[in-house]
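A look at the structure
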Amino acid sequence: MTIFLLLVAALCFYKLRLPRPVLTGLNEHYLDFDRTTAMKGIFILLVFLTHVVGYIPAYPGPALLHEPYFWVQEKMEQGVVVMFLFYSGYGVMESIKKKGTAYVRAMPKNRVLRTLLHFDLAVLLYIALDAALGTLQDYSLREILLSFTGWEAVGNSNWYIFAVLVLYLATVLSFAVFGSRGKYIPAACAVTALAGVYIAVLFDIKGAWWYDTVLLYPLGLWFSLARPAIDRALQKHKWLWYVLFVLCTAIFLYVHYRRRDAFAFYVLKYLFMGLVVVFATMKLDVCNPILIFFGKHLFEMYILMRIPMLILQRLGVTNVYLFVFLSFAATVLLAVGFKKLTGAIDKPLFAAKPAARPPAAP
């Protein structure tokens, strides 16, 4: 598995750019859309590796071929999804700042319903696969019906989609009540509070992975609001980046090794992991077409990657390298095809209506 991790690392270095001058310069594009898309591409590849190891029965060969990867995975844990949530929150806040209440009013349709529709189409594929493999009987009717909401699963990944849908709804509610006339701070506070309620409600109902990273979404909102002040401070005081980066890294490492002492340390670990990545991208301009491609197909890869893994597992493929290669190739093909399908479905359902033309002068 270490070989595949090294391939991901090599992709990160492809067309990597450093600021000029290196020591005092900053990458002013660190949160541009293409940059965040490329970063999502990195993390969806890490998610793929995290998932695929659960379907491979054994890892033959020298420990050097696998142990370094498992060491990295142990440090990352749920951190493979933190940037998805952070960038989602940041992007939503940036859109609200630019488009105002019109964007918030459109979120139930354009964000919630569209995401749920795409997710449900993928769930149907898993149900068909379960029927073909003879495993559909392993799920009750209740589980099958609730799988369309993300609360249960029929072999697919689900918790992340459920969490994102809840966070979108929390954003709509918060900004509808508190965000009028550009009052973003109270609305962001409300989103943060509702994310906390989500954690409290699910704490004794679901596993920790359902909620220990959700605060990254409101962190993205807050970073969007604070970014102008952060950027000005960093431009004015060149040494400040080093202080903040070292501080965030030190806190991340500390809470990582203390995480088993209390759940709060898990939450802090992922919050500071997200900040470490953000500050790192202020110096490392990661942006290349390969990573952007994977980032643009993030949802499709995330939700479909288990299909080829389940099939290859049923076929008895045990060679690690063959399993990973075939799973990845099939995942990419499925993602491209699924994106084209959903794009065709979205066009009549979610296309923006043209503005009404004023009546012609008499």
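Now for a look at the structure at hand. (Residues numbered from 1 in each chain as written. Predicted model: local features only at pLDDT ≥ 70, side-chain atom pairs only at ≥ 80, totals over all residues. Heavy atoms only, no water.)

**Some remarks on the packing of aromatic side chains**
Note the threshold: When the centres of two rings from Phe, Tyr and Trp lie within 6.5 Å, Trp using its six-membered ring, the rings pair. Their planes under 30 degrees apart give stacked, over 60 give edge-to-face, and anything left gives tilted. In DSSP terms, a helix is any run of H or I states spanning at least four residues, a strand is any run of E spanning at least two, and both are numbered starting from the N terminus. Each residue gets one of three labels from its accessible area relative to the maximum for its type: buried under 20%, exposed over 50%, partly exposed in between, using a 1.4 Å probe on protein chains only. Over a ring means this: the NZ of a Lys or the CZ of an Arg is within 6 Å of the ring centre and within 35 degrees of the ring normal.
Tallied over the full model, the rule gives 22 aromatic pairs. Pairing Phe162 with Tyr198 gives two aromatic rings, centres 6.4 Å apart and planes at 35°, and the pair type is tilted. Here Phe162 is found in helix H7 (residues 159-178), whereas its partner Tyr198 is found in helix H8 (residues 184-202), with 36 residues between them in sequence. Residue Phe162 shares its accessibility class with Tyr198, and that shared class is buried. By the ring-pair criterion, three or more aromatic residues cluster together here, those being Phe48, Phe293, Phe294 and Phe328. The ring of Trp241 carries the charged tip of Lys283 above its face, separated from the ring centre by 5.3 Å.

**Section: the state of the cysteines**
Where we set the bar: Any two cysteine sulfur atoms within 2.5 Å of one another count as a disulfide.
Per the counting criterion, the structure on display carries zero disulfides. The thiol of Cys12 is unpaired, and the distance to the nearest cysteine sulfur, on Cys287, comes to 12 Å. Accessibility expressed as a relative area gives 17% for Cys12, which makes it buried.

**Brief notes about the environment of Tyr139**
Using the following cut-off: Whenever two N or O atoms come within 3.5 Å, that pair is a polar contact, provided that in protein one can donate a hydrogen and the other can accept it, and provided that, for residues adjacent in sequence, both atoms are side-chain atoms.
With respect to the secondary-structure elements, Tyr139 resides in the loop between helix H5 (101-133) and helix H6 (141-147). With 42 residues separating them in the primary sequence, Tyr139 and Lys97 have C-alpha atoms 44 Å apart. Of the polar contacts made by the side chain of Tyr139, one reaches the backbone nitrogen of Gly155; its length is 3.4 Å.

**Remarks on a nonpolar patch on the surface**
Note the following rule: What makes a patch is a set of residues exposed beyond 30% relative accessible area and free of salt bridges, joined within 9 Å when like-charged and within 5 Å when nonpolar (Val, Leu, Ile, Met, Phe, Trp, Tyr). To measure how exposed things are, a 1.4 Å probe is used in the Shrake-Rupley method; for residues, cover is taken only from the protein chains shown. Put simply, a salt bridge is a Lys or Arg side-chain nitrogen that is within 4 Å of an Asp or Glu carboxyl oxygen.
Nonpolar side chains collect at one region of the surface, where Leu173, Val177, Phe178, Leu194, Val197, Val201 and Ile205 lie side by side and expose about 610 Å² of accessible area between them. Taken together, the elements giving at least two residues each to the nonpolar patch come down to H7 and H8. Along the chain, Ile205 falls in the loop between H8 and helix H9 (216-236). For Ile205, a relative accessible area of 51% puts it in the exposed group.

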